[in-house]
Amino acid sequence: MTLLTVRDLAVEFRSGVRAVDGLDLDLDTGRVLGVVGESGSGKSVTSLAVLGLLRDAQVSGEIRFDGQELTALDRRALRRLRGNRIAMIFQDPLSCLNPYYSVAFQIAEAYRAHHRAGRKQAHRVAVRMLDRVGIPEPERRARCYPHEFSGGMRQRVMIAMALCLEPDLLIADEPTTALDVTVQAQILQLLRELREEAGTAIMLITHDMGVVAGLADQVVVMHQGRAVERGPVRDVFHRPQEPYTRGLLACVPRIDGPLPDRLPTLGAIT
Amino acid sequence: MDEDDQRDERAADRSPLLEVRNLVKRFPVRHGLTQRLAGHVAAVDGVSLTVGPGETLGLVGESGCGKSTVAKLITRLERPTSGSIHFAARDLAGLNETALRPLRRDLQMVFQDPFSSLNPRHTVRQILAGAYRYQGLEPDQPAEELLARVGLEAGHADRHPHEFSGGQAQRIGIARALALRPKLVVCDEPVSALDVSVQAQILNLLRDLQDEYGLSYLFIAHDLGAVRQISTRIAVMYLGSVVETADRDTLFAQPAHPYTHALLSAVPLPDPDLEASRERIVLHGDLPSPLDPPSGCRFRTRCLKADELCAAERPQLRTIALGQQVACHYPERTP
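Residues numbered from 1 in each chain as written. Chains lettered and ligands numbered in written order. Predicted model: local features only at pLDDT ≥ 70, side-chain atom pairs only at ≥ 80, totals over all residues.

Look at the UniProt record and you will see "domain: ABC transporter" (unreviewed entry) annotated at residues 4-249 of chain A. Segment residues 4-249 of chain A splits into 39% helix and 26% strand. End C-alpha atoms: 27 Å apart. (UniProt positions renumbered as here; feature names shortened; annotations may be inferred. Helix = DSSP H or I, 4+ residues; strand = E, 2+ residues; numbered from the N terminus.)

In structure tokens form, the structure reads like this:
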């Protein structure tokens, strides 16, 4: 079943920059859509547009989520939807957490924003979520502050916060880019498990072709605000049709396979 | 015998250009208002490395393992607590700034963030001339020529850093490092801040310059793909120590340290079929704090093979195959 449909999305900033230009996306319930591209391709702006978080930009096109047209909703209705049915995690978990409050308080706060629940009940939910995302000793760690956690643990807290409301859609914008590779493997494993257990659909935004290959079912390759190629992940990776996609796949130095003397590059010196 | 002949002879007898022995750097840790000394953290704890002429040694590890501190010690931006750094027949470890200055001509550095390492008020021409000015020399290569060598245009010489993209700015940083015709260039995460297509261009450029000028590189990075692409030999660091060194192909085909093995299996492959079928070793927990490192083997708290011996005795680097050394009581590969 289709959960999110984006049609002819365009985002133009006041400066006249067209960050997204005629983008279509489709995401089914419980599936993972990878959105890949280099910096400036418009992938993050797309996610902000879906969440209705772009204030200073001209957004046009259709964004249909579970049958509802999001562009027609007012701020209050969007707020009810955000967190509750569509949640988001970002690259830098530290800048998303308030340093003055314990991690459990912040998860409980998100829960209480959408549910009628007392402090104690919300705290219990927070501890349960910390346990679920693999924080050891969740009872004790719940009272810790963000600075007492490592980068990987903070991203687990963000995931706990995002998932405590059992959203239908999780938008993950470069969720592992700031993490070390062994910690990245832990977080990707966690996202795989959550998707199996809870059936949450994920829109995964990343520049890392490896992360997409390991997690996504469908993939959209973005370049200069447009989708240059889309399809099932196997087709796009094994039989890329567009020169840009082929170039993007070929220029990544790999840890396996034949070692080229020189890496293929994409076009001119930039 | 003139200088060139000497250089050829040195390369011929294969003596290393850089030889680092038991390098240690401890930083004081201070607490509270009075900045009371609370102890020391050993960011680099007994590292030994060699870089041969024309060779690229890749130094990999995760954040906090001490690889950038190693770079700062070798270029003597930091003073080591103990250990030796033999470069061009001198021990850099004990030299003062005046004695170091002439040696810096042969030992240059390229940094991660190209913008913060270029003076925003200077033109590219001034930035490149700065390399000579610091040495009290007249520029012997015009800025235009240096720019051409790194793939930029002569017209770029009178622009300021903010007018360039990240990849172009990194090329300027490389041109500055090359201005004095160094023998060794220490590159600290030179491609991490760049987009993948730009990364590929910079890696190719570094390779071309090496072929042309016979440069040696110490290439420090966390990206194992980039390290494989450019290195001849690789050293893997964990929590202040080197846990494995090997030739490039050996390291990727037959890693001997459990940490190297886990690190390789954690790198996502851009191939959905391989990703679905591969064996994953997901390490538990995080890097321990270097303030309070585990006893014995530093990796034992996350290692599947760890036992009493690992807690009691710290393993030393030992040779287990030709060109492969590992610091582990139970290596994945036995001699």
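Right, let's talk about the domain arrangement of chain A for a bit. Residue and element names in this part refer to chain A. Domain parsing of chain A yields domain 1 (1-85 + 168-270) and domain 2 (93-164). Of note, the centres of domain 1 and domain 2, computed from C-alpha atoms alone, are 26 Å apart. Classifying every residue of the side of domain 1 that touches domain 2 by side-chain character gives nine nonpolar, three polar and no charged. (Domains from an automatic or database assignment. Nonpolar A, V, L, I, M, F, W, Y, C, P; charged D, E, K, R; others polar.)

We now examine the sheet that holds strand 7 (residues 184-188) of chain B. Residue and element names in this part refer to chain B. Read from one edge to the other, the open sheet built from eight strands follows the order 6-7-8-3-9-10-12-11, with strand pairing classed as mixed. Either end of the sheet is taken by a strand with one partner, and the two such strands are strand 6 (107-110) and strand 11 (318-321). Averaged over neighbouring strand pairs, the angle between their axes works out to 25° when direction is ignored. Across six bridges, the pairing between strand 9 (residues 233-238) and strand 10 (residues 241-247) is antiparallel. Residue pairing in the sheet places Ala235 in a bridge with Thr245 of strand 10. (Pairing = 2+ DSSP bridges. Axes fitted to C-alpha atoms, helices over the stretch in contact; angles between N-to-C directions.)

Turning our eyes to something else, we now look at the interface of chain A and chain B. Each side of the interface is counted separately: chain A has 38 residues, and chain B has 36 residues. A breakdown of the residues in the side of chain A that touches chain B according to their chemical character gives 18 nonpolar, 13 polar and seven charged. (Contact = placed C-beta atoms within 7 Å.)

Our focus in this paragraph is the packing of helix 6 (residues 151-163) of chain A against helix 7 (residues 181-198) of chain A. Residues and elements named next belong to chain A. Where helix 6 contacts helix 7, the axes come no closer than 10 Å and their chain directions differ by 15°. In this view, helix 6 runs roughly parallel relative to helix 7, as classed from their interaxial angle. With respect to the hand of their crossing, helix 6 and helix 7 are arranged in right-handed fashion. Taking contact as the criterion, the partners of Gly151, Gly152, Gln155, Ile159 and Leu163 in helix 6 are, on helix 7, Val183, Gln186, Ile187, Leu190, Leu194 and Ala198. When the residues that make up the contact of helix 6 with helix 7 are grouped by side-chain class, the tally is seven nonpolar, four polar and no charged. (Parallel < 35°, antiparallel > 145°, perpendicular 65-115°, else oblique. Left-handed = near helix turned anticlockwise from the far one by under 90°.)

Let's shift gears to the sheet that holds strand 4 (residues 82-87) of chain B. Strand pairing in a sheet is mediated by backbone hydrogen bonds. Such pairs are either parallel or antiparallel. Residues and elements named next belong to chain B. Pairing is antiparallel in the open sheet, where four strands are placed in the order 2-1-4-5. Each edge of the open sheet carries a strand with a single partner, namely strand 2 (36-51) and strand 5 (90-91). With five bridges joining them, strand 1 (residues 18-31) and strand 4 adopt antiparallel strand pairing. Bridging across to strand 4, Arg21 finds its partner in Ser84.

What follows is about the pairing of strand 4 (residues 57-65) of chain A. The two faces of a sheet get side chains in turn, since along a regular strand they alternate between them. Residues and elements named next belong to chain A. In terms of strand pairing, strand 1 (residues 2-13) meets strand 4 through eight bridges, oriented antiparallel. Along strand 4, the bridge assignment pairs Ala10 with Ser60. Sheet analysis places strand 4 next to strand 5 (residues 68-69), joined by two bridges and oriented antiparallel. Along strand 5, the bridge assignment pairs Phe65 with Gln68. In this structure, the hairpin formed by strand 4 and strand 5 is closed by a connection of two residues, where Asp66 is found at a positive phi of approximately 50°.

Residue and element names in this part refer to chain B. The topology assignment puts Glu163 in the loop between helix 5 (143-149) and helix 6 (166-178). Given 12 C-beta atoms within a 10 Å radius, Glu163 is considered exposed. Residues Glu163 and Pro120, spaced 43 residues apart in sequence, show a C-alpha to C-alpha distance of 9.9 Å. (Buried ≥ 20, exposed ≤ 12 C-beta atoms within 10 Å, placed from the backbone.)

Let us now look at the domain arrangement of chain B. Residue and element names in this part refer to chain B. As assigned here, chain B comprises domain 1 (13-28 + 39-119 + 164-231) and domain 2 (252-335). The C-alpha-based centres of domain 1 and domain 2 are spaced at 25 Å. Listed by partner, the interface residues are seven residues for domain 1 and seven residues for domain 2. Listed by contribution, the elements that provide at least two residues to the side of domain 1 that touches domain 2 are strand 2 and helix 8 (224-230). Looking at the side of domain 1 that touches domain 2, the element that brings in the most residues is strand 2, giving three residues.

Right, let's get into unusual backbone geometry. Despite not being glycine, Asp66 of chain A shows a phi value in the positive range, around 50°. Along the chain, the position of Asp66 of chain A falls in the loop between strand 4 and strand 5.

All names here are of chain A. You can see Asp24 is positioned in strand 2 (residues 18-28). Separated by 241 residues in the primary sequence, Asp24 and Thr265 have C-alpha atoms spaced 28 Å apart. Sequence-distant contacts of Asp24, that is, excluding residues within four places in its chain, are made with Val6, Arg7, Asp8 and Ala227.

Residue and element names in this part refer to chain A. Among the five residues that make up strand 7 (residues 169-173), four are buried, leaving the element largely enclosed by the rest of the structure. Of the pairings in the sheet, the one linking strand 7 to strand 8 (residues 201-206) comprises five bridges and is parallel in character. In the sheet register, Ala172 faces strand 8, and the bridge partner there is Leu204. Following the chain from strand 7 across helix 7 to the adjacent parallel strand 8, one finds a crossover that is right-handed. (Right-handed = clockwise from strand over helix to strand, strands pointing away.)

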